[in-house]
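Residue strings, one per chain:
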Amino acid sequence: MGDLEEEPMPVAFNFVGRLGPGPTRCMRHALLGSGPGLNASAFPYRPLTTLTFRGCGIQDGGATNIAEILKPSAAACQGNGVQLTSLTITEDSLTKAGYEALSVGLAANTLLTELKLDYNPTLDDTATRVLCAGLWMKLNLSVLSLQFCR
C-alpha cells in the first residue's frame, strides 16, 4: 500500500452569519495553539492566509480576538503559525473599542496586504481615525476597502 496523502489545510476561513465574540475566542485559541490542552508547537493552520467574517456579530470582544491573531508570534517569524495576508469584517457593529483593538493588531502586523471593512454602519470618521493609527506606515497594504460605511 502507498503512503496516505495528507489533506491540505485550508488557506481561508469564511464565516457567514451569527457567530458572536465567544466563538472568535475559541477560534483564536485553536489558530494560535494557545489555550487549555492545545500544543502551541503543532500550529496546524500555518497555511491560513485569509479570514472573512460576514454578518457575524463578532462585537468588540471578537475584534480583540482577531487583533491577537493579527499580532506576529515567534512561530510566525519562523515560518510557522498563522500568517494572515487578508482580513474581511463586513456587516458588523463594532464600537470604538473594537476598532481600537483592531488598530493595535494592525500596527503589529507586517504581512497583511488586504483589509476590507465594508458595510459597517459604525465605521464613522472617528473610528476611521482610530484605524488609521494602526495602519500608519503600512507600506505592504495594497487594498483598503471601506465601502458603504458612514
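No experiment lies behind these values; they were computed from the predicted model shown. (Residues numbered from 1 in each chain as written. Predicted model: local features only at pLDDT ≥ 70, side-chain atom pairs only at ≥ 80, totals over all residues. Heavy atoms only, no water.)

**Considering helix 2 (residues 59-70)**
The line we're drawing: Only DSSP runs of H or I covering at least 4 residues are called helices, and only runs of E covering at least 2 are called strands; the numbering of each starts at the N terminus. Multiplying 1.5 Å by the residue count of a helix minus one yields the expected span of that helix. Using a 1.4 Å probe on the protein chains alone, a residue whose accessible area is under 20% of its type maximum counts as buried, one over 50% counts as exposed, and one in between counts as partly exposed. Throughout, a residue-residue contact means that at least one pair of heavy atoms, one from each residue, lies within 4.5 Å.
Across its 12 residues, helix 2 extends 17 Å between first and last C-alpha, which sits within 8% of the 16 Å expected from 1.5 Å per residue. Of all the residues in helix 2, the buried ones are Gly62, Ala63, Asn65, Ile66, Ala67, Ile69 and Leu70. Those residues of helix 2 that are buried lie in contact with helix 1 (21-32), strand 2 (50-54), strand 3 (86-90) and helix 4 (96-108).

**Focus: the packing of aromatic side chains**
Just so we agree on the cut-off: Stacked, edge-to-face and tilted are the three classes for Phe, Tyr and Trp ring pairs, Trp counted by its six-membered ring, which pair at centre distances within 6.5 Å; planes under 30 degrees apart are stacked, over 60 edge-to-face, the rest tilted.
Summed over all chains, the structure comprises 3 aromatic pairs. Look at Phe13 and Phe15: their rings are 6.3 Å apart centre to centre, the planes differ by 65°, and that puts the pair in the edge-to-face class. For the pair Tyr119 and Phe148, a centre-to-centre distance of 4.8 Å together with 20° between the ring planes defines the contact as stacked. Here the residue Tyr119 occupies a position in the loop between strand 4 (114-116) and helix 5 (125-135), and Phe148 occupies one in the segment after strand 5 (143-145), the gap between them amounting to 29 residues.

**Details of the environment of Glu114**
The condition that has to hold: N or O atoms within 3.5 Å of each other form a polar contact, as long as, within protein, one can give a hydrogen and the other can take it, and as long as residues adjacent in sequence are counted only when both atoms are side-chain atoms.
Of note, Glu114 is situated in strand 4. Between the C-alpha atoms of Glu114 and Ser145, which are 31 residues apart in sequence, the distance is 8.3 Å. Those residues in contact with Glu114 that lie beyond four places of it in its chain are Thr85, Ser86, Leu87, Leu141 and Val143. Within the local environment of Glu114, its side chain forms a polar contact with the side chain of Ser86, the two groups lying 2.8 Å apart.

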